[in-house]
Amino acid sequence: MSDGFPSITTGSLGPAQRSLPRRTTGPPKLRHASKHQKTSYPIAVVWAWTIRRDCNAEPSPKHRSIPMPETAKRPTNGFAKFDLHPNLMRGIQNAGFDNPRPIQAATLPAALKGEDILGLAQTGTGKTAGFAIPILERIARDPGHGPTALILAPTRELASQIAEEIRTLASCTRIKGVTIYGGVGQRPQVASLRQRPDIIVACPGRLLDLIGQGFVKLGNIQTLVLDEADHMFDMGF
């Protein structure tokens, strides 16, 4: 059995790193890729997240937030050290996040610097916020002309879960998003795309359809996330 700790790689993701590891053991690791490796992706930041196959167990107690001492007069949110946008911090507090989980603590410093990241963590350990918070921080500071972030997920259920968490974290900002997946009519999704959302959360199949029809323009994308990337590879995407 795996001990449930996440594994992180940051830096430029070369071809050898596109084959994602399935398992890892030991404490959270932050490994910088070689400076000589160059990414072929035409975007600023690439995230790749993959799930464990043996992730039925409850998250380790080590992953839970550490309560503030009772003697503390003014409790401090553990995310304050990242100097995030005030509106984003309010969203984080509204979501009930007190302290970064290990996957978040390992990735946020590198992500906020714009580095490429590959991570491996169990379901339920906070990986969605690990990539959502840096995306929201970048957009809150420099909105740009959307969409500027694309998050791909293999299933409509996961895409909906990601979108809901982002919506909660962005609740005190003006950041807009759209969720795209098949099995439903595309008209509402196209209408949302015409509003120039900041973030697109999509399943690959429907996204490709809408790109082919000219409804999705990805020329301004600065951040790409592949959530459960190994699952998407297994499905042939």
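Note that the coordinates shown come from a computational prediction; the quantities given were computed from them, not determined experimentally.

1. Concerning helix α1 (residues 86–94)
Link 1 in the chain: Within α1, the full set of buried residues consists of Leu 88, Met 89, Gly 91 and Ile 92. Down the axis, α1 shows its buried residues gathered within 160° of arc, on one side only.
Link 2 in the chain: Where the residues of α1 are buried, they touch α3 (127–141) and α4 (156–169).
Link 3 in the chain: Phi turns positive, to about 85°, at Gly 96, one or two residues after α1.

2. Some details on unusual backbone geometry
Link 1 in the chain: In this model, Gly 146 is joined to Pro 147 through a cis peptide bond whose omega is 0°.
Link 2 in the chain: Mapped onto the elements, Pro 147 comes out in the loop between α3 and β5 (149–152).
Link 3 in the chain: Positioned with a positive phi, Asp 83 is a non-glycine residue whose angle comes to about 55°.
Link 4 in the chain: Counting through the fold element by element, Asp 83 comes out in the loop between β3 (45–50) and α1.

3. Remarks on α3
Link 1 in the chain: Taking 1.5 Å of rise per residue, 15 residues should cover 21 Å, and α3 covers 22 Å from first to last C-alpha, within 8% of that figure.
Link 2 in the chain: Most of α3 sits out of view: 13 of its 15 residues are buried.

4. Focus: a nonpolar patch on the surface
Link 1 in the chain: On the surface, a cluster of nonpolar side chains totalling about 240 Å² of accessible area is made up of Leu 208, Ile 211 and Leu 218.
Link 2 in the chain: Mapping Leu 218 onto the fold places it in the loop between α6 (204–212) and β8 (223–226).
Link 3 in the chain: Leu 218 sits in the partly exposed class, given a relative accessible area of 31%.

5. Some points on the confidence of the model for the protein
Link 1 in the chain: Residues at a pLDDT of 70 or more form 68% of the protein, whose mean pLDDT is 77.
Link 2 in the chain: Per-residue pLDDT, averaged within each element of the protein, yields its smallest value for strand β2 (residues 29–32) (42) and its largest for strand β7 (residues 199–202) (98).
Link 3 in the chain: Low pLDDT, under 50, characterises residues 1–5; the stretch is placed with 17 contacts to residues that sit more than four places away or in other chains.
Link 4 in the chain: Note that residues 15–46 has pLDDT below 50 and, in this model, 79 contacts with residues that lie over four places away or in other chains.

6. Some thoughts on the side chain of Gln 189
Link 1 in the chain: In this structure, Gln 189 sits in helix α5 (residues 187–193).
Link 2 in the chain: Polar contacts involving the side chain of Gln 189 include one to the side chain of Arg 206, which spans 3.1 Å.
Link 3 in the chain: Not counting residues within four places of it along the chain, the set of residues in contact with Gln 189 comprises Val 178, Thr 179, Ile 180, Tyr 181, Val 184, Arg 206 and Leu 210.

How each quantity is defined
- Residues numbered from 1 in each chain as written.
- Predicted model: local features only at pLDDT ≥ 70, side-chain atom pairs only at ≥ 80, totals over all residues.
- Heavy atoms only, no water.
- Buried < 20%, exposed > 50% of the residue type's maximum accessible area, 1.4 Å probe, protein only.
- Helix = DSSP H or I, 4+ residues; strand = E, 2+ residues; numbered from the N terminus.
- Arc of directions from axis to C-beta.
- Contact = heavy atoms within 4.5 Å.
- Expected span 1.5 Å × (residues − 1).
- Patch = residues over 30% accessible without salt bridge, like charges linked within 9 Å, V, L, I, M, F, W, Y side chains within 5 Å.
- Areas by Shrake-Rupley, 256 points an atom, 1.4 Å probe, with all protein chains shown as cover.
- Salt bridge = Lys/Arg side-chain N within 4 Å of Asp/Glu carboxyl O.
- pLDDT = per-residue confidence, 0-100.
- Polar contact = N/O pair within 3.5 Å; in protein donor to acceptor, adjacent residues only side chain to side chain.

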